Structure formats: C-alpha cells, structure tokens
Amino acid sequence: MRIGAHVRALDPIEAAAEVGADVVQIFIGDPQSFKAPEAPEGLAEAVAASEVDVYVHAPYRINVATANNRIRIPSRKLLQQHLHAAAGIGAKGLIVHGGHLAESDDPQVGFDNWRKVFERLECPIPVLIENTAGGGNAMARKFDRIARLWETLDGVDGLAENVGFCLDTCHAHAAGEALIDAVSRVKAITGRIDLVHCNDSRDAFDSGADRHANLRKGQIDPELILAVCREAGAPVVVETPGEGQAEDIAWLRESL
C-alpha cells in the first residue's frame, strides 16, 4: 500500500522524503482562485526521476455542477487546464470536488452538468471525484447523491478510463455517512475507489464541518479509519496538519 500526504508543490519530492511518503498530492495553482495552473519549473523532470507517485488536487473554486454560468463556464475551463497541467508533470490523477447548486435548484441540473463536462472534456489522466463534507444541495456529500451522479454519467464514452473516485474519511464522517461500511457502499455505486483521503475530523458525526485533524487526534474511531484504508485497496493520502503528517504516515504503515 502506497501511503503519503498533501505537501507543498515547490519541491514535493523533497517534501515526500521529509515525511516518509511514497505518494504525494499537490496544488499546481491557487486553490482559491480561477487563475490558470502554474507547475514549478523542473517539477515534471523531478517526478519522472522519482519513485514517488503524484496526484494533483484541483482548486476548490471549481464547481461544474452549478446552474450559474459565471461560475460553471470558468470552472469547466479551469478543470481542463488542470488536467493538461497535471498530466504534463506525470500526475496519476486530478482530484476535484463534486460541486453544488443553490438550495432551490433541482439536483438533476447538477448531475446533467457533470455529464456535459465529460462529454466534452479531454482526459489525459483520470478525474477523481471526491465526496464532500457539507452543503444542503451538494452533488457528492451523501452517498445517494453520488449514486445519482454515477447513474447520470453512465453511458458517457470513456467513463471507465476517465472518471474515478476519491473517498475522504473526514468528509464522509462530517456528511453523516458511516465509515464502517463506507467502502462497500461506494464500490457498489462507482465500482472503484482510486484514492483515499485519510483524515480525522475535529468535529462530530454529521456536523457538515470540513475540518481535518491528525489521525487519532480527532473524533473518528481510529479503527474505522484503518478499516477504510484496508478495504479500499487504493493509495492513501493524509491531508492532516503538517506538523503531524510524518507521525500519521508512520502510524498507518505500522497499523495497516
């Protein structure tokens, strides 16, 4: 099992060595803006020369589900830009949140907007849709919504090669989805889990709060976190506070 962390983009291979990671996740742009991605100079060469696997997380601002054209259209553009940039540095996949609609919108609008994205998107690497923690009209907070999303995407050309899933333990906990059988329920929907975001939660079950904690420092039973990692059969990335990442990774290696 490959285990690692979300680290700085400037020198992720060096950062991986610092925390004992053999897989890393990075941003290659401002996660809070619609600015085009900018990979650090020499990053592609460093990744190619390393045995560390790299994933890229798309900006949080991307929301291709929304009915608001002023957000959806630049979101689609930015998603495509990040796919090409991530592929250019040798990344294994691009993680993106499921997005959301206004409270009064029909959820099917969001699912259909996702389908339209994949009907037009060039996918040199897979897009890994991630479950989210909060939002009353979110596309990927509750597992029943994820099921509707996958049903809507069914039949899109290249779906199996281009669309995957990233399961976040903190987000599932915050969304009120029990971790004890989360992996089996997700795989029954998507057929796959490509990456695990292994995070503890600072907040209570079903709180809707996306606040990560270091492993064994939050409110999720550590045995449930370990069970998710074992059953998913996918690379594991901790997105926990940086000062505890090396300890988190060491504990996972020892316990799994």
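Residues numbered from 1 in each chain as written. Predicted model: local features only at pLDDT ≥ 70, side-chain atom pairs only at ≥ 80, totals over all residues. Heavy atoms only, no water.

Q: What's the story with the pairing of strand β1 (residues 3-6) in this structure? I'm lost.
A: If a strand is regular, its side chains alternate between the two faces of the sheet. In this sheet, strand β10 (residues 236-238) lies alongside β1 in parallel orientation, the contact comprising three bridges. The residue of β10 that forms the bridge with Ile 3 is Val 236. Bridge count between β1 and strand β2 (residues 23-26): three bridges; the pairing is parallel. Paired with His 6 across the strands is Gln 25, a residue of β2. Taken together, β1, helix α1 (residues 12-19) and β2 constitute a β-α-β crossover, and its handedness is right-handed. (Pairing = 2+ DSSP bridges. Helix = DSSP H or I, 4+ residues; strand = E, 2+ residues; numbered from the N terminus. Right-handed = clockwise from strand over helix to strand, strands pointing away.)

Q: Honestly, the side chain of His 82 in this entry has me stumped. Any pointers?
A: Looking at the element boundaries, His 82 is found in helix α3 (residues 69-88). When residues no more than four places from it in sequence are discounted, the contact partners of His 82 are Ile 28, Gly 29, Lys 35, Pro 37, Val 56, Ala 58, Pro 59 and Leu 94. (Contact = heavy atoms within 4.5 Å.)

Q: Whenever I open this one, the side chain of His 97 confuses me. Can you help?
A: Along the polypeptide, His 97 turns up in strand β4 (residues 94-97). When near neighbours in sequence (up to four residues on either side) are disregarded, His 97 contacts His 57, Tyr 60, Trp 114, Glu 130, Thr 132 and His 171.

Q: Honestly, the nonpolar core in this entry has me stumped. Any pointers?
A: Within soluble globular proteins, side chains that are nonpolar tend to cluster in buried spots. In this structure, Ile 26, Trp 114, Phe 118, Cys 198 and Leu 252 are the most contacted members of the largest nonpolar core, which totals 71 residues. Residues within four places of Phe 118 in sequence aside, it is in contact with Cys 123, Val 127, Ile 129, Leu 153, Val 156, Asn 162 and Val 163. Of all hydrophobic cores here, the second largest spans seven residues; its members include Ile 95, Leu 128, Leu 195 and Val 237. (Core = buried A, V, L, I, M, F, W, Y, C linked by side-chain atoms within 4.5 Å. Buried < 20%, exposed > 50% of the residue type's maximum accessible area, 1.4 Å probe, protein only.)

Q: What exactly am I supposed to notice about α1 here?
A: Residues lying three or four places apart along an α-helix face the same way, a consequence of the helix completing one turn every 3.6 residues. Turning to α1, its buried residues are Pro 12, Ala 15, Ala 16 and Val 19. Buried residues of α1 fall within an arc of 105 degrees about the axis and therefore sit on the same side. Gly 20 occupies a position one or two residues after α1 and carries a positive phi of about 75 degrees. (Arc of directions from axis to C-beta.)

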